[in-house]
Every structure is written in C-alpha cells, then in structure tokens.
Amino acid sequence: YSLNVQQGLGHHWIVQVAYVGSEGHRLLILSDINQAALGSGFNSSTVIGPNGSTFSYQQSTRPFFSKYPNFGVINELQSDGTSNYSSLQTTLRSSQWHGLTAQFSYAWGHNLDDMTQACCALPQDSTNLKGEYGNSDYDVRHHFTANAVYNIPGSSHGPQWITHGWQLNTVMSFRTGFPFTVHATTDTSGTGENTDRGDQIGSAYAGVSHSLVSHSYVQWVNPAAFQGPLQGSFGTMRRNQLTGPGFASVDLSLFKNIPVTERLKAQFRVEMFNIFNRLNLAPPSGYLFGGFGQSTDTIGDYNGAPGIGPGEPFNMQLALKLIF
C-alpha cells in the first residue's frame, strides 16, 4: 500500500513524497519441531526408550521421542512467518533541463520479519518463533541515490565531429549498513541446535575507531561488549540487532557518440567507479571467537564480484560500443 503526492516545479522538475508499506503473512519459516528441552544437553543421564534401547537424556526430551525414539532434528517448513515494511520515499527528477536529465531519491525505511531466508536459517528457539521477530536481513534505514545524464552542448566553431556528441554521466549511491546477528560459538542452550545468540554486556561501539588495522581488517564492534550466554540458557540479543558498515560510491563516465553511417553509430566510453576511492567494507564476523566484529573484506569481494565495478576501490574501464 502506498500514498504519494507529486508537485511540478516549473516545466522540467517534479518532486514526489510517498509513504510505501507492505505486510506479509503466512510466510515460509523453518523450525525444528523435535527440538530437545532447554539445558537437556548438559544432563549425562541415560533413559530406556519405548523399544528398550538406551538413549541420552537430551534425546528423551524431544517431543516425538515416545513415537520415534531414534529421530533427532526434524526441520519443518511452516507458513507461520510475518513481515512488515514502512518507508518514507522522496524523489526529485528532471526531464531535459538545459540538457540535463537527473533523478535524486532518498528513502527512510524499516523492514522487519521472523525469518528472511527460510531455506538457510533456523530459529534460536523453535518453540518460540516470535522471538525471532526483528530486523530483516535486508533492512536498510537510509538510502540516497542519484543519477544524472548531461548532454554537453557542442561548439559552433571547429569540426562538429570533435565537439559534438559528448555525454557526461554520474551515478551516486549512499546507504547505511545491513544488520547482522551476534552468534554464540557453543551450544549454550544445551538443545543441540547450535543456533544460540550472544549476550550484550557493554557498549557495542565503545573505543572502536573503524580505522584500518595493519592493512588487513577493520574492527567494527567492541568484542569486550559481548559474551556467550550462561550454560543452559539462550542468548538475550535480538536477531539482526547490530548494524554493519554502510556503503558509498560515486561513479562517473564520459561517452562520445560518433556517427558512422545513417544506421551505425560508435560509442567510446570511459567509465570510472568509486572515484573517491572509498573503502566499502563487507559485514563483520558475528561469531564470538577470534576475529569477532572484524570486517576483513570489501563488499564486492564478499558478494563474489571482486575487482572492477561499483563499490570496489577506484577502477576504470575503457570500451568501444557499436550501435546499429
């Protein structure tokens, strides 16, 4: 659902302000319907099962033990998930204003759900699915983008093939970071699920400068502010409670359109990415062991696209394109 208001500014500019929202119900969510009882993994007792075999105490606490004593984890894909999204979206755009076509957009939004990717995640506690409700994996609070195309006027002096056909383009993107979860590294709950989260005991960013250390990593959060839960308990941190590094990139390109024949045109392109050479970090490690809270990669390499392109260190490519 959405509601927007548009207003023209002169003959060439339009401003739009909109509220955009959505609700999702009966979404897919994965849970273990045979999860052992809290703390049962720390009890070393043995139990005689319904078939006369000996089982661990943890196994005997599983809900389906009486019918299926040999069954452990039973992951079930259910349709109990929910999500919601609300945002304020603003846009300013022009159409051929003195040779300039441009659009500037800003969005403030908040996206929450129980589970973003049901195929790849399990709850901390499958008996409390609502305890998973929190920031979506793709929750970005602030996002500003801009793009502009400027057709450079040709000179009335000199050969037209030199001064005409030039086009300057830019794409800008600035956003806050994606959220991440702090995970315990041991089965503190004793359920055997190994999905426990951590506890926060201090300020997440106290004493952290976010500067590059030895050209190898950036310490994004303060590791002393977190610890694993006590034995026999779940972590108290919410899912996706912390926010990782943001992203900023300004790309610039210069095109020269060269008519060859009536139906054939050549285009020479100089494309420069991340012209201010900003270090765009990948999300930090969220597991409470060595390297916790450290970002050791760039976002492009982290997503499997290292080297050239948006978000990587400053890089440039030259291209010749034939259009017919």
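The notes below deal with the structure included here. (Residues numbered from 1 in each chain as written. Predicted model: local features only at pLDDT ≥ 70, side-chain atom pairs only at ≥ 80, totals over all residues. Heavy atoms only, no water.)

**Notes on unusual backbone geometry**
Move 1: With a phi angle near 60 degrees, H210 is a residue other than glycine that sits in the positive phi range.
Move 2: Summarising the element assignment, H210 is placed in the loop between β11 (199-200) and β12 (212-213).
Move 3: For H210, a relative accessible area of 32% corresponds to the partly exposed category.
Move 4: Here the phi dihedral of N240 falls at roughly 55 degrees; this positive angle occurs in a residue that is not glycine.
Move 5: Tracing the chain through its elements places N240 in the loop between β14 (226-227) and β15 (242-243). (Helix = DSSP H or I, 4+ residues; strand = E, 2+ residues; numbered from the N terminus. Buried < 20%, exposed > 50% of the residue type's maximum accessible area, 1.4 Å probe, protein only.)

**Here we look at the sheet that holds strand β13 (residues 217-219)**
Move 1: With respect to topology, three strands assemble into an open sheet ordered β12-β13-β18, the strand pairing being antiparallel. Looking at the sheet topology across the chains shown, the edges are occupied by β12 and β18 (294-295).
Move 2: Sheet topology places β12 next to β13; two bridges connect them, and they run antiparallel. Following the sheet pairing, V213 is matched in β13 by Y217. (Pairing = 2+ DSSP bridges.)

**With respect to the pattern of salt bridges**
Move 1: One pass over the full model with this rule turns up six salt bridges.
Move 2: A salt bridge links R197 to E132, with the shortest nitrogen-to-oxygen separation between them at 3.2 Å. Pair noted here: R197 is in the loop between β10 (179-180) and β11 and E132 is in the loop between β6 (100-113) and β7 (134-135), with a separation of 65 residues, a long-range link. The pair formed by R197 and E132 is uniform in burial state, with each residue classed as buried.
Move 3: The salt bridge involving D137 is made with R239; its shortest N-O contact spans 3.8 Å. Taken together, the residues span a long stretch of sequence, with D137 in the loop between β7 and β8 (142-151) and R239 in the loop between β14 and β15 at a distance of 102 residues.
Move 4: Accessibility expressed as a relative area gives 9% for R239, which makes it buried. (Salt bridge = Lys/Arg side-chain N within 4 Å of Asp/Glu carboxyl O.)

**Re the nonpolar core**
Soluble globular proteins tend to pack their nonpolar side chains together in the buried interior.
Move 1: The biggest cluster of nonpolar side chains holds 13 residues, and the ones touching the most others in it are V182, W220, V221, F226, L242 and F292.
Move 2: Apart from residues lying up to four places away in sequence, V221 is in contact with F180, A204, Y205, V208, F226, L242, F292 and G293. (Core = buried A, V, L, I, M, F, W, Y, C linked by side-chain atoms within 4.5 Å. Contact = heavy atoms within 4.5 Å.)

**A short note on the packing of aromatic side chains**
Move 1: Counting across every chain of the model gives seven aromatic pairs.
Move 2: Their ring planes at 85 degrees and their centres at 5.3 Å tell us that F55 and F65 sit as a pair that is edge-to-face. Of this pair, F55 sits in strand β4 (residues 54-56) while F65 sits in the loop between α1 (57-60) and β5 (75-94), and the two are ten residues apart along the sequence. Across the pair, F65 and F55 agree in class, each one buried.
Move 3: Judged by centre distance (6.2 Å) and plane angle (35 degrees), the ring pair of F144 and F174 falls under tilted. Residue F144 is located in strand β8, and its partner F174 is located in strand β9 (residues 166-175); the two are separated by 30 residues in the primary sequence. (Phe/Tyr/Trp six-rings, centres within 6.5 Å; stacked < 30°, edge-to-face > 60°.)

**Regarding the environment of N274**
Move 1: Mapping N274 onto the fold places it in the loop between β17 (265-273) and β18.
Move 2: It is 50 Å that separates the C-alpha atoms of N274 and G72, two residues lying 202 residues apart in sequence.

**Considerations on the pairing of β8**
Move 1: Sheet analysis places β6 next to β8, joined by nine bridges and oriented antiparallel. Residue W108 lies in a different strand from β8, and its bridge partner there is H142.
Move 2: Inspection of the sheet shows β8 paired to β9 by nine bridges, in the antiparallel sense. Paired with Y150 across the two strands is L168, which belongs to β9.

**Considerations on the side chain of K256**
Move 1: Relative to the assigned elements, K256 resides in strand β16 (residues 247-259).
Move 2: E271 is the oppositely charged side chain nearest to the buried, salt-bridge-free K256, at an N-O distance of 17 Å.
Move 3: At 2.9 Å, the side chain of K256 and the backbone oxygen of H164 are in polar contact.
Move 4: Sequence-distant contacts of K256, that is, excluding residues within four places in its chain, are made with W161, I162, H164, G165, W166, A266, Q267 and F268. (Lys, Arg positive; Asp, Glu negative; His and termini not counted. Polar contact = N/O pair within 3.5 Å; in protein donor to acceptor, adjacent residues only side chain to side chain.)

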